[in-house]
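# Structural description and commentary
For reference, the chains in residue letters:
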Amino acid sequence: MKLILEKLFQSNSKKNKLKFSIIVTLKKDVLDPQGKVVQNTLVNLGMDDLKSIRQGKHFEIDLNESDEDIAIKKIDEMCKKLLVNLIIEDYKINKIK
Amino acid sequence: MKSSVIVFPGSNCDRDIAVALEKMQFKNTMVWHKETKLPKSDLIVIPGGFSYGDYLRSGAIAGKSLIINEVIKAANSGCLILGICNGFQILTETGLLKGTLLRNKNLKFINKDVHIKVINNNSKFSKKYNENQILKINIAHNEGNYFTDPEHLIKLQDENLIVFKYCDEDGNINEKSNPNGSINNIAGILNSKKNILGMMPHPERMVDEIISNKDGVNLFSSLLN
């Protein structure tokens with residue numbers, strides 16, 4: 001019985017995965033021609049209140065990790081190693097669940 | 001002189017550069033990106049194309065491939081590295097060259113012959129050209145808009161690391177003669193040690209009078225000496 005409970009606990013803790021979203025945007029000073037074109041088009045469509053648009057990327061990542069601090073460190077490493085070009089891009093990590 | 005051309009899925013100028021190198025009497029080897037050893041080379045070329053379909057960012061995935069570790073080792077030990085077009089983008093993604101290549105300012109893929117000026121002819125890649133010589137060379141890219149931070153830009157100028165700049169046919173370097181929005185009209189740069197050149201124009205397309213011109217020939221003959 002104990003063994004069954006232990007296994008059940010293990011499988012539950014495995015299910016306790018963390019999910020994050022990462023938003024990558026061009027830095028403030030970097031020209032964003034795509035954002036500019038989207039902005040101009042929306043203005044042409046009558047959206048006069050539009051002040052500015054910056055276009056970016058969105059990643060959703062599921063991790064096999066239940067410790068939030070470790071998970072965030074891993075996600076941060078992924079951003080720095082591949083997902084983000086730190087010369088021109090900023091990023092924000094958000095926990096989804 | 002031995003050369004290696006690295007081939008990624010999506011490279012499409014690899015055979016053009018191989019033809020140009022062989023025409024200039026280089027003994028060339030094609031190296032698939034999954035290789036973990038490089039043949040003994042005096043020159044490594046990272047060719048143009050759309051490695052990995054430009055997924056994530058141009059050159060980002062190729063910049064983390066297996067063979068790139070060997071390219072970085074070779075670069076650090078002084079081997080000559082030439083990155084053309086997507087090869088330039090890959091070199092910036094590896095960190096071997098600083099800065100990055102943004103989307104063209106006009107958001108269009110540009111494929112045309114443009115003029116570039118030889119700013120620095122005191123490098124292993126450009127010594128057969130004259131200073132301020134104007135070349136007509138093809139460009140074909142969507143992300144050729146070179147960008148770097150102000151400190152690095154000053155360094156590029158102070159250490160004479162800018163080899164080529166976009167100009168018009170009379171040699172005027174200004175916004176009008178800048179096809180892609182590149183900072184200070186930069187078309188090609190060196191690293192500090194001057195053994196790595198990254199450039200957006202395609203010299204390998206300009207080695208035969210019949211199909212274009214021979215303005216690219218001196219880049220390869222510079223390397224031979």
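Residues numbered from 1 in each chain as written. Chains lettered and ligands numbered in written order. Predicted model: local features only at pLDDT ≥ 70, side-chain atom pairs only at ≥ 80, totals over all residues. Heavy atoms only, no water.

Looking now at the overall build of chain B. For chain B, the count of helices and strands is five helices and eleven strands. Relative to the compact-globule value of 17 Å for 225 residues, chain B shows a C-alpha radius of gyration of 16 Å, a close match. Over its C-alpha atoms, taken along the principal directions, chain B stretches across nearly 45 × 35 × 35 Å. Counting all 225 residues of chain B, 57% fall into the buried class. Restricting to contacts in chain B with at least 6 residues of sequence separation, those with at least 24 account for 75%. Accessible surface computed for chain B: about 9600 Å², of which carbon and sulfur atoms make up 47%. (Helix = DSSP H or I, 4+ residues; strand = E, 2+ residues; numbered from the N terminus. Rg over C-alpha atoms; globule rule 2.2 N^0.38 Å. Buried < 20%, exposed > 50% of the residue type's maximum accessible area, 1.4 Å probe, protein only. Contact = heavy atoms within 4.5 Å. Areas by Shrake-Rupley, 256 points an atom, 1.4 Å probe, with all protein chains shown as cover.)

Judged by nonpolar contacts, the single largest core of 62 residues is most densely connected at L82(B), F164(B), L197(B), L219(B) and F220(B). Examining the composition of this core, we find that five residues originate from one element, helix 2 (residues 66-76) of chain B, more than from any other. Excluding residues within four positions of it along the chain, L82(B) makes contact with L43(B), I44(B), V45(B), I46(B), F125(B), L197(B), M199(B), L219(B) and F220(B). By size, the runner-up hydrophobic cluster in this structure holds twelve residues, among which are L18(A), L63(A), I75(A) and L83(A). (Core = buried A, V, L, I, M, F, W, Y, C linked by side-chain atoms within 4.5 Å.)

It is worth spelling out unusual backbone geometry at this point. Residue and element names in this part refer to chain B. The backbone phi angle of C85 is positive, close to 60 degrees, even though this residue is not glycine. Tracing the backbone through its elements, the reader meets C85 in the loop between strand 4 (80-84) and helix 3 (86-94). For C85, a relative accessible area of 5% puts it in the buried group. Notably, N160 is not glycine yet its phi reads approximately 55 degrees, a positive angle. Mapped onto the elements, N160 comes out in the loop between helix 4 (150-158) and strand 9 (162-167). You can call N160 partly exposed: its relative accessible area is 34%.

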